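Per-entry structural report
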Amino acid sequence: MTNQSVCEWYNGRSVFITGGTGYMGKVLIEKLLRDCGNVNNIYILCRPKRGFTPAARIEQIRKLAVFDRVRTDFPDRLKKIKSMEGDLGLPGLGLSIENKAILVNEVSIVFNGAASLRLESGLKDAIRYNTTGTKHVLDLAVEMKNLASFVHLSTAFCHCEYDTLDETIYPSPANPEDVMRAVEWMDDHTLEIITPRLLGPHPNCYTYSKRLAESLVSEYANRIPISVARPSIVTPSFKEPVPGWVDSLNGPVGVIVAGGKGVIRSMLCSPDYEAEVVPVDIAINALVLIAWKRTTIDNTIEDMVPCYNISKGDIVRLTWGEVLAKGKRYAYEYPFDAGLWYPNGSIRTNKFVHYFIVFMLQIVPAYLIDGIMILARQKTFMVRVQKRIAVGMEVLQYFTMRGWNFKIGNTKGLLHNLNKEDLEKFYIQNTEVDVEKYMINVLLGARQYCMKEPLANLDRARFHLKLLYWLNLATQMFFGVLLLWLFVRVFDSFKFLLDSTTESFTKVPIIGSLIPK
């Protein structure tokens, strides 16, 4: 139990984060450094990538725009970020003996946020990183001498068969240990055959593996102080570190960029369903509070696993149809650079119409553009882009064509008994929400931080958008006239055929007498 403020509770503690190099991980690190500045060290599980060592990758992260405020106001705090070379998919996380000893002896807070976010990935990779990887982190946490709180980052969409998701652990569809062992010895062909039966109602291996991970976490409830956090679709920041900050094209941001550049013309999405999303800074505030809150809960309760659904819930009412309407309006006002076509795509619920539009306005143009590139002896790209979009959209559309009801009572309760300073720093629902302004910040954030398009180019982008508008209008008129001409030609041919047939019938006895002259 603790009566300390949130910031005081973090003072002098060391934190271990898996997934610290990802989108949410970077925002979490920034928040801890800026608002819990007396935290001791922040250890990040990191593996070599693209020729860069873990230490070099962490040095690159320190230079990112997400840390501008910390770099300006508290530059020395960036030294608290330390890399721990390892891999989620390896036994013992692949840690060296020295690094493991540091974590076991120093760390008192763990945020397990690492995961394979490729929603289209196969069962073996999903289980290896999302389920087995979680077990590796849990086993390490059990050895930690000063562990005070372990926060497991799950997803609000890992219980697909429930219309209403309560803040509790649900029974697992299978024994996680059995599935983990099976994927290790089964060959890829066998796994591919049994995957549909294993997944059941789950749309992909990601949500299934995260579901198993939750069950695995519950088995450690009597061994370590653990909590489960379930964010919904994570969107760009609401206020911190800067409004609209984002550096990932996963999820809605990728759709916004592709739609804003005219690459996506249609998407399966029900306009009447609530858009269950949460800005990344609000999700991170909840995570920081969840770790603290766990120490206020009686640890003597057996199998106690507090769960928190992190989503907008009933705080803000916003449907996908409203998101599209507002998004299109501001996309015209704050366009992206170098759009491929005029951005006037739409959402649909009719699959036949949707796939027809996709074929005619996305697939066919992609092959035409790549054909022109081949003739010009340039590298092709559009067909490859459309294939990647098709895979991503197929997965995302499952979530936008269903209604979701996430109970968020526990998440709202995180603000109870906080002092004024903590309430201001770790806002969740206790803040004014201007949806219009937020949508503008999302567009500008995607433009600046993902696409690296400076705001100074906005006037040029608006001029380019006007050209695309007139080109689109001229193209529509051309095809309209072409269709009218084809209709007239077909009608004339039909009339000629009918006249010829009628003339032939007039020469037939009896029938000819029935045809008026």
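Just above, that's the structure.
Let us look at the structure shown here.

What about the environment of Tyr-23?
Note that Tyr-23 resides in helix α2 (residues 23-35). By relative accessible area, Tyr-23 is classed as buried at 14%. Taking the C-alpha atoms as reference, Tyr-23 lies 30 Å from Pro-173; in sequence the two are 150 residues apart. Beyond its immediate chain neighbours, meaning those up to four positions away, Tyr-23 contacts Val-234, Thr-235, Pro-236, Ser-237, Trp-245, Val-246, Asp-247, Ser-248 and Val-280. Engagement of the side chain of Tyr-23 in a polar contact is seen with the backbone oxygen of Thr-235, the distance being 3.4 Å.

Topic: the nonpolar core
One broad rule of soluble globular proteins: the nonpolar side chains tend to lie buried together. Grouped together as the largest cluster of nonpolar side chains are 73 residues, with contacts concentrated most on Tyr-10, Ile-17, Leu-32, Phe-111 and Leu-287. Top contributing element to this core by residue count: helix α11 (residues 280-294), with eleven residues. Among all residues touching Leu-287, those that are not within four sequence positions of it are Met-24, Phe-111, Val-151, Leu-153, Ala-229 and Ile-310.

Focus on the packing of helix α12 (residues 320-333) against helix α17 (residues 435-450)
Running from N to C, α12 and α17 cross one another at 55°; their axes reach a closest spacing of 10 Å. Between α12 and α17, the angle falls in the class oblique. As α12 packs across α17, the resulting crossing turns out to be right-handed. Across from Val-323, Lys-326, Gly-327, Arg-329, Tyr-330 and Ala-331 in α12, the residues of α17 making contact are Val-435, Glu-436, Met-439, Ile-440 and Leu-443.

Comments concerning the pairing of strand β4 (residues 107-112)
Among the six residues of β4, six are classified as buried, and the element is accordingly described as predominantly covered. By the bridge criterion, five bridges tie strand β1 (residues 14-18) to β4 in an arrangement that is parallel. Residue Val-15 lies in a different strand from β4, and its bridge partner there is Ile-109. Summarising the sheet, β4 and strand β5 (residues 149-153) pair through four bridges and their orientation is parallel. Bridging from a neighbouring strand, Phe-111 pairs with Val-151 of β5.

Brief notes about the pattern of salt bridges
In a structure, side chains of opposite charge can pair up when their charged atoms sit close to one another. Applying the stated criterion across every chain yields a total of 27 salt bridges. Arg-47 is the partner of Asp-87 in a salt bridge, and the nearest nitrogen-oxygen pair spans 3.5 Å. With Asp-87 in the loop between β3 (81-85) and α5 (97-106) and Arg-47 in the loop between β2 (42-46) and α3 (54-62), this residue pair connects regions lying 40 residues apart in the sequence. Linking Glu-421 and Lys-425 is a salt bridge whose minimum nitrogen-to-oxygen distance equals 3.0 Å. Highlighted residues: Glu-421 and Lys-425, both in helix α16 (residues 420-425), separated by four residues, approximately one helical turn. Taken together, the shared-partner salt bridges in this structure form one network comprising Glu-30, Lys-31, Arg-34, Asp-35 and Glu-240.

Re the packing of helix α13 (residues 351-375) against helix α14 (residues 382-400)
It is the contact of α13 with α14, at a shortest axis distance of 8 Å, that shows an interaxial angle of 155°. Taken together, α13 and α14 sit at an angle that is classed as roughly antiparallel. Along its contact with α13, which presents His-354, Tyr-355, Gln-362, Ile-363, Ala-366, Tyr-367, Ile-369 and Asp-370, the element α14 presents Met-382, Val-383, Gln-386, Glu-394 and Gln-397. Looking at side-chain class alone, the contact of α13 with α14 contains seven nonpolar, four polar and two charged residues.

Observations regarding a nonpolar patch on the surface
Together, Phe-478, Phe-479, Leu-482, Leu-483, Trp-485 and Leu-486 make up a nonpolar patch on the protein surface, roughly 620 Å² of accessible area in all. Note that Phe-478 resides in helix α18 (residues 458-506).

Here's the deal with the packing of aromatic side chains
For the coordinates displayed, the defined rule picks out 16 aromatic pairs. These aromatic residues form a ring-pair network of at least three members: Phe-157, Tyr-398, Phe-399, Trp-404 and Phe-406. Here the guanidinium or amino end of Arg-77 rests over the ring plane of Phe-74, the centre of that ring lying 3.6 Å away. Lying over the aromatic face of Tyr-427, Lys-239 brings its terminal NZ or CZ to 4.2 Å of the ring centre.

Concerning α17
Because an α-helix completes one turn every 3.6 residues, residues spaced three or four positions apart along the sequence face the same direction. An ideal rise of 1.5 Å per residue puts 22 Å on 16 residues; α17 measures up with 21 Å between its terminal C-alpha atoms. The element α17 is extensively covered by neighbouring structure, given that twelve of its 16 residues are classed as buried. Within α17 the residues assigned to the buried category are Val-435, Tyr-438, Met-439, Ile-440, Asn-441, Val-442, Leu-443, Leu-444, Gly-445, Ala-446, Arg-447 and Cys-450. For α17, the side-chain oxygen to backbone nitrogen distance between the N-cap and Glu-436 is 3.2 Å, and the N-cap itself is Asp-434. Phi turns positive one or two residues past the end of α17, at Lys-452, with a value near 55°.

Notes on the sheet that holds strand β11 (residues 307-310)
An order of β3-β2-β1-β4-β5-β7-β11 is seen for the seven strands of this open sheet, with the pairing classed as parallel. On the outer flanks of this sheet lie β3 and β11, each paired with one strand and no other. Direction aside, the axes of adjacent strands within the sheet are offset by 20° on average. Pairing between β2 and β3: five bridges, direction parallel. Its bridge partner lying in β3, Cys-46 is registered against Glu-85. On the sheet, α11 packs against β4, β5, β7 (226-231) and β11 and is oriented at approximately 145° with respect to β5.

Quick notes on the pairing of β11
Residues Cys-307 and Asn-309 point to one face of β11 and Tyr-308 and Ile-310 to the other, with burial holding for every one of them. Relative to β11, β7 is paired through four bridges, and the arrangement is parallel. Paired with Ala-229 across the bridge in β11 is Tyr-308.

Describing unusual backbone geometry
That bond from Glu-240 to Pro-241 is cis: its omega, -5°, falls within 30 degrees of zero. As for its position among the elements, Pro-241 is in the loop between β8 (233-235) and α10 (252-260). Residues other than glycine seldom take positive phi values, yet Asn-417 does so here, at roughly 70°. You can see Asn-417 is positioned in the loop between α15 (409-413) and α16. Judged by its relative accessible area of 76%, Asn-417 is exposed. The phi angle at Lys-452 is positive, at roughly 55°, despite the residue not being glycine. Tracing the chain through its elements places Lys-452 in the loop between α17 and α18.

Conventions used here
Numbering of residues begins from 1 in every chain and follows the order in which that chain's sequence is written. Owing to the predicted nature of the model, reporting of local features is limited to residues with pLDDT of at least 70; listing and counting of side-chain atom pairs is limited to 80 or more, with chain, interface and lining totals taken over all residues. Values shown for side chains rest on all heavy atoms present in the structure; no hydrogens or waters enter the calculation. Numbering of helices and strands runs from the N terminus, with a helix taken as a DSSP run of H or I at least four residues long and a strand as a DSSP run of E at least two residues long. Burial here depends on accessible area, computed with a 1.4 Å probe over protein chains only, as a share of the maximum for the residue type. Under 20% is buried, over 50% is exposed, and the range in between is partly exposed. Contact definition: two residues touch when any of their heavy atoms are within 4.5 Å. For this analysis, a polar contact is any N or O atom pair within 3.5 Å, provided that within protein one partner can donate a hydrogen and the other can accept it, and provided that sequence-adjacent residues contribute only side-chain to side-chain pairs. In plain words, nonpolar cores are sets of buried Ala, Val, Leu, Ile, Met, Phe, Trp, Tyr and Cys residues tied together by side-chain atoms within 4.5 Å. Axes, fitted as lines to C-alpha atoms, cover a helix only where it is in contact. Angles between the N-to-C directions of the axes lie from 0 to 180 degrees. Note on angle classes: values under 35 degrees are labelled roughly parallel, values over 145 roughly antiparallel, values of 65 to 115 roughly perpendicular, and the remainder oblique. It is the rotation of the near helix from the far one that decides the hand of a crossing: anticlockwise by less than a right angle makes it left-handed, clockwise makes it right-handed. Pairing between strands is defined by DSSP: at least two bridges between them are needed. Just to be clear on terms, a salt bridge is a Lys or Arg side-chain nitrogen sitting within 4 Å of an Asp or Glu carboxyl oxygen. Amino acids outside the nonpolar list (Ala, Val, Leu, Ile, Met, Phe, Trp, Tyr, Cys, Pro) and the charged list (Asp, Glu, Lys, Arg) are all regarded as polar, and Gly is one of them. Here a patch means residues that are over 30% exposed by relative accessible area and free of salt bridges, tied together within 9 Å if like-charged and within 5 Å if nonpolar (Val, Leu, Ile, Met, Phe, Trp, Tyr). Areas reported here follow the Shrake-Rupley algorithm with a probe of radius 1.4 Å; residue values treat only the protein chains shown as occluding. Geometry of aromatic contacts follows a simple scheme: Phe, Tyr and Trp rings, the Trp one being its six-membered ring, pair when their centres are within 6.5 Å, and the pair is stacked under 30 degrees between planes, edge-to-face over 60, tilted otherwise. Think of it as a cone above the ring: NZ of Lys or CZ of Arg counts as a charge over the ring if it is within 6 Å of the ring centre and within 35 degrees of the ring normal. Here the expected length of a helix is defined as 1.5 Å per residue gap, with one fewer gap than residues.

In short, shape yes, function no, at least from these values alone.
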